[in-house]
Amino acid sequence: MFRSLGDIMDIQLFDQFVFGRTKADYEYIDIPLLAQHLYKAQIDCLVDCHATNAEICIQLTTASRLRELLETQIDLANIHASYQEKIIINFDPDHGTEWDHIEAHIKITKQQYIDLLERIDFRLSMYGFLPGFCYLTGLPTSMQIPRSSKPKRKIKANTLALGGEYIGIYGIHSPGGWVEIGKCDHALLDFSNQQIHSLSIGQIINFKSIHHG
Amino acid sequence: MDDKITGFEITNAGLYSTIQDFGRNRSRFFAVPSSGVMDHNAATYANQILSNLIDHPIIECNLSGMGLQFHHEMNIALTGADFGWKLNGNTVDLNTKILVIRGDKLTGGFSHDKARGYIAFDKELQENKVLGSYSTYPLAKIGANQGRILRKGDIIKISEKKSLSLAQAAPVIIKDKNQDIIKIQKGPEWDLLSPSSKRKFCMLEYQISSRSDRMAAHLKTTEQLDLQEYPKYSNCIIPGMIQLNYHGELMVILRDGQTTGGYPRVVYITHDNLNLFNQILPHRNFKFELQ
């Protein structure tokens, strides 16, 4: 089903940046997936785009090419995620995890929590906050932990952490207030590659504990 | 002085001096800010003086000049803030081509007019591009100088210019605009401001706080602004967006700023005015004017 971008989105223009939200009839469209589709589509007037779950921001070469962008035809049936990925997690890194806090907050043991995590299909919903930071959805309400009110000075790259409804993966070392639970066994960001992240928006992510054979 | 060095050495790093160009394209998708020079006009002018391409990598000085010792003959140009630049102790002019030779020492102090100054070179800097840009982005440790700010003792190697030079046209002199007024347009969440905050937004005087950096400028004002409602979702942000946080503090997102955020974006500083804004010194008064 082809639609023009102008049919789908209500927009606001700030210099050469177009901010768009889906119109009422198209609220079912996954905006970060749409952004990924546009980003990869080699559209002549488009320099870059990024998104949250609510909004897309498209950078044009110049503001004068807005009409060209809005007339761009999108095959809505073609906006989908491609594959599934299993990430190995070390839930016992040398330091940094906050299992005592988690066990006290939701009254289950670390092992029970990890067993539940491994059964869930998470979904990479969007990047944001920091370079390569992944927001993963799918965490049941009963397993959610609020972010800390006192951010830590440094959370290491590739740390898996809880923040409200999301599980996050830190792309770089940075200060942060998410609750640390483990570390990915390999780096997800590679700045030497134009496709700098090894995961894609919409991808289904499963975690496998390094200690669970 | 080391005879083997071809380039220049940092003898005084200043406050937050970095190598920048016009920044990255196609990185914001991965939440990597574009980075790049804070004042496109002053940086462009420096490169034009040397017939460089306008996005040739350049040193950006922040609030203070710096010290360089040259190990090779080259032309340089100094634009933007007047840091009282001296070459071997003698005052040198801004906005002109300056020939330096092996052993020359450039020094600069504090500025009383603008916040950012630029040093351009008519040579290639032997640095690596990351995601298509030399711009240093220290948080992710990417860009020139291994992704970190310049430090005393750093040596920047050079080679002959490979990029196509501009024709020797006279540089376009950009006249200094009035820094007292920064033009804005209403941001996506302007209507979340309380009626009284909307009324007084352009009447108040603002100052940039000294705890600002390349990611965001925090603004001080005499009266607190407030919201009548909070946004429900995280949104996209770009350089120039001004967010109002829940403590009533305004934050202007700058070149190294985050790409998403949850605070309401109440106004937007347009591209040309962001260049002007980025030259305002901390603690100097200015006002906003809605376009």
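The numbers attached to residues start from 1 for each chain and follow its sequence in the written order. Note on labels: chains are lettered from A, ligands numbered from 1, in written order. Only residues with pLDDT of at least 70 are given local features in this predicted model, and only at 80 or more are side-chain atom pairs given and counted; all residues enter the totals for whole chains, interfaces and linings. Heavy atoms from the whole structure form the basis of all side-chain values; hydrogens and water molecules are not counted.

Points about the overall build of chain A
Short version of the rule: Secondary structure elements are taken from DSSP: a helix is a run of H or I of four residues or more, a strand is a run of E of two residues or more, and numbering for both begins at the N terminus. A simple rule labels every residue: compare its accessible area, found with a 1.4 Å probe on the protein chains alone, to the largest value its type can have, and call it buried under 20%, exposed over 50%, or partly exposed in between. Residue contacts follow a heavy-atom distance rule, with two residues in contact if any of their heavy atoms lie within 4.5 Å. Surface exposure here means Shrake-Rupley accessible area, sampled with a 1.4 Å probe, where a residue is shielded only by the protein chains that are shown. All tallies of charge rest on Lys and Arg as positive and Asp and Glu as negative; His and the ends of each chain are not included. Where a charge lies is defined by one atom per residue type, namely NZ (Lys), CZ (Arg), CG (Asp) and CD (Glu).
Looking only at helices and strands, chain A has five helices and 15 strands in total. Overall size of chain A, expressed as C-alpha extent along the three principal axes, is 55 × 30 × 30 Å. Residue burial in chain A is summarised as follows: out of 213 residues, 53% are buried. When contacts within chain A are restricted to residue pairs at least 6 apart in sequence, long-range pairs at least 24 apart make up 60% of them. When the accessible surface of chain A is totalled, it reaches about 9,700 Å², and 49% of it is carbon and sulfur. Side-chain charges of chain A comprise 19 positive and 25 negative groups, with the mean position of each set lying 6 Å from the other.

What to know about the overall build of chain B
The cut-off we apply is this: Here the globule rule is a power law, 2.2 Å times the number of residues to the power 0.38, and the radius of gyration is based on C-alpha atoms.
Within chain B, the regular secondary structure consists of four helices and 21 strands. On C-alpha atoms alone, chain B measures out to a radius of gyration of 20 Å, which is about the 19 Å that the 2.2 N^0.38 rule sets for 291 residues. Across its three principal directions, the C-alpha atoms of chain B cover 65 × 40 × 35 Å. By element, 49% of the accessible surface of chain B is carried by carbon and sulfur atoms, the whole surface being about 12,200 Å².

Considerations on the sheet that holds strand β7 (residues 90–91) of chain B
To keep things clear, this is the line we draw: Paired strands, in this sense, are two strands between which DSSP finds at least two bridges.
What the seven strands build is an open sheet, ordered β7-β6-β9-β4-β1-β12-β11 (chain B); its pairing is antiparallel. Two strands close off the open sheet at either side, each with one partner strand: β7 and β11 (124–125) of chain B.

A look at the interface of chain A and chain B
Quick reminder of the rule: Accessible surface is computed with a 1.4 Å probe, and the buried area is the amount of it that two parts give up when combined, taken over both parts together. By definition here, a salt bridge exists when the distance from a side-chain nitrogen of Lys or Arg to a carboxyl oxygen of Asp or Glu is within 4 Å. By the criterion applied in these results, polar contacts are pairs of N or O atoms within 3.5 Å in which, for protein atoms, one can donate a hydrogen and the other can accept it, and in which residues neighboring in sequence qualify only through two side-chain atoms.
In this complex, chain A contributes 37 residues to the contact, which on the side of chain B involves 34 residues. Interface of chain A and chain B: buried area, both sides summed, is about 3,100 Å²; carbon and sulfur atoms make up 63% of it. When the buried area of chain A at its contact with chain B is split by residue, Phe14, His50 and Phe191 of chain A rank highest and sum to 20% of it. Where chain A touches chain B, the interface holds one salt bridge. Glu55 of chain A is the salt-bridge partner of Arg265 of chain B, the closest N and O atoms lying 2.6 Å from each other. If you look at where chain A meets chain B, you find 16 residue pairs in polar contact (both at pLDDT 80 or more).

Some words on the layout of surface pockets
Inclusion rule: Only protein atoms enter the calculation, which uses a 1 Å grid: trapped sets of points that fit a 1.4 Å probe without letting it out are cavities, open sets showing protein on both sides within 12 Å along at least five of seven lines are pockets, and any residue with an atom within 4 Å of a point is a lining residue. Grid points are joined across faces, edges and corners, and a volume is the space filled by probe spheres set on the points. Here the nonpolar group is Ala, Val, Leu, Ile, Met, Phe, Trp, Tyr, Cys and Pro; Asp, Glu, Lys and Arg are the charged ones; every other residue, Gly included, is treated as polar. Domains are outlined according to an automatic or database domain assignment.
Size it by volume and the largest pocket reaches roughly 1,200 Å³. If you go around the largest pocket, you meet 40 residues; those closest to its centre are Phe129 and Arg147 of chain A together with Gln258, Gly262 and Tyr263 of chain B. Breaking the lining of the largest pocket down by element, the ones donating at least two residues are β13 (174–176) of chain A together with β15 (216–221), β18 (250–253) and β19 (260–261) of chain B. Split into classes, the residues belonging to the lining of the largest pocket amount to 19 nonpolar, 15 polar and six charged. Mapping the lining of the largest pocket onto the domain boundaries places at least three of its residues in each of domain 1 (2–78) and domain 2 (84–212) of chain A.

Things to note about the nonpolar core
Note on soluble globular proteins: their nonpolar side chains tend to be buried together. Our working definition: The criterion is simple. A nonpolar core is a set of buried Ala, Val, Leu, Ile, Met, Phe, Trp, Tyr and Cys residues joined through side-chain atoms within 4.5 Å.
In terms of nonpolar packing, the biggest core is built from 68 residues, with Leu38, Ile58 and Phe191 of chain A touching the most fellow members. Tallying contributions element by element places helix α2 (residues 31–40) of chain A first for this core, with six residues. The residue makeup of this core includes at least three contributed by each of domain 1 (2–78) and domain 2 (84–212) of chain A. Counting 39 residues, the second-largest nonpolar core is a separate cluster that includes Ala46, Leu227, Val266 and Leu276 of chain B.

Some words on unusual backbone geometry
Of all residues except glycine, most have a negative phi; of all peptide bonds, most are trans. Residue and element names in this part refer to chain B. Despite not being glycine, Leu131 shows a phi value in the positive range, around 50°. Within the secondary structure, Leu131 sits in the loop between β11 and α2 (144–147). Among the residues examined, Leu131 registers a relative accessible area of 8% and is labelled buried. With a phi angle near 55°, Asn145 is a residue other than glycine that sits in the positive phi range. As for its placement among the helices and strands, Asn145 is situated in helix α2. A residue is classified by how much of its surface remains accessible, and Asn145, at 5% relative accessible area, is buried.

Remarks on the packing of aromatic side chains
When we look at a pair of aromatic rings, we describe it by the centre distance and by the angle of the planes. Residue and element names in this part refer to chain A. The following threshold applies: By convention, a stacked pair of Phe, Tyr or Trp rings (six-membered ring in the case of Trp) has centres within 6.5 Å and planes under 30 degrees apart, an edge-to-face pair has planes over 60 apart, and any other such pair is tilted.
Across all of its chains, the model carries 30 aromatic pairs over all chains by this definition. Centre to centre, the rings of Tyr135 and Trp178 are 5.7 Å apart; their planes meet at 70°, and the pair counts as edge-to-face. Highlighted residues: Tyr135 in strand β9 (residues 134–137) and Trp178 in the loop between β13 and β14 (179–184), separated in sequence by 43 residues. Among the residues examined, Tyr135 registers a relative accessible area of 7% and is labelled buried.

Considering the side chain of Gln243 of chain B
Residue and element names in this part refer to chain B. Take Gln243: it is sitting in strand β17 (residues 241–244). By relative accessible area, which is 4% here, Gln243 ends up buried. Of the polar contacts made by the side chain of Gln243, one reaches the backbone oxygen of Tyr263; its length is 3.4 Å. In this view, Gln243 contacts Ile237, Glu249, Leu250, Met251, Ile253, Gly261, Gly262, Tyr263, Pro264 and Arg265; residues no more than four positions away in its chain are not counted.

A word on the domain arrangement of chain A
All names here are of chain A. We note that the domain assignment places domain 1 (2–78) and domain 2 (84–212) within chain A. Domain 1 and domain 2 are separated by 29 Å when their C-alpha centres are compared. In this assembly, nine residues from domain 1 lie in contact with ten residues from domain 2. Taking both partners together, domain 1 and domain 2 bury about 650 Å²; carbon and sulfur atoms supply 39% of that area. Considering only the side of domain 1, the residues that lose the most area to domain 2 are Pro32, Gln36 and Asn53, jointly responsible for 49% of the buried surface there. The interface formed by domain 1 and domain 2 holds one salt bridge in total. Close ionic contact of Arg123 with Asp30 constitutes a salt bridge, the shortest N to O distance being 2.8 Å. Linking domain 1 to domain 2 there are four residue pairs in polar contact (both at pLDDT 80 or more). For the side of domain 1 that touches domain 2, the element with the highest residue contribution is α2, accounting for five residues. Tallied by class, residues from the side of domain 1 that touches domain 2 come to four nonpolar, three polar and two charged.

A word on α2 of chain A
All names here are of chain A. Counting buried residues along α2, eight of its ten residues qualify, which places the element largely inside the surrounding structure. The set of residues buried in α2 consists of Ile31, Pro32, Leu33, Leu34, Ala35, Gln36, Leu38 and Tyr39. For α2, the capping residue at the N-terminal end is Asp30, with a side-chain oxygen 2.9 Å from the backbone nitrogen of Leu33. One or two steps after α2, the chain reaches Gln42, where phi turns positive at roughly 55°.

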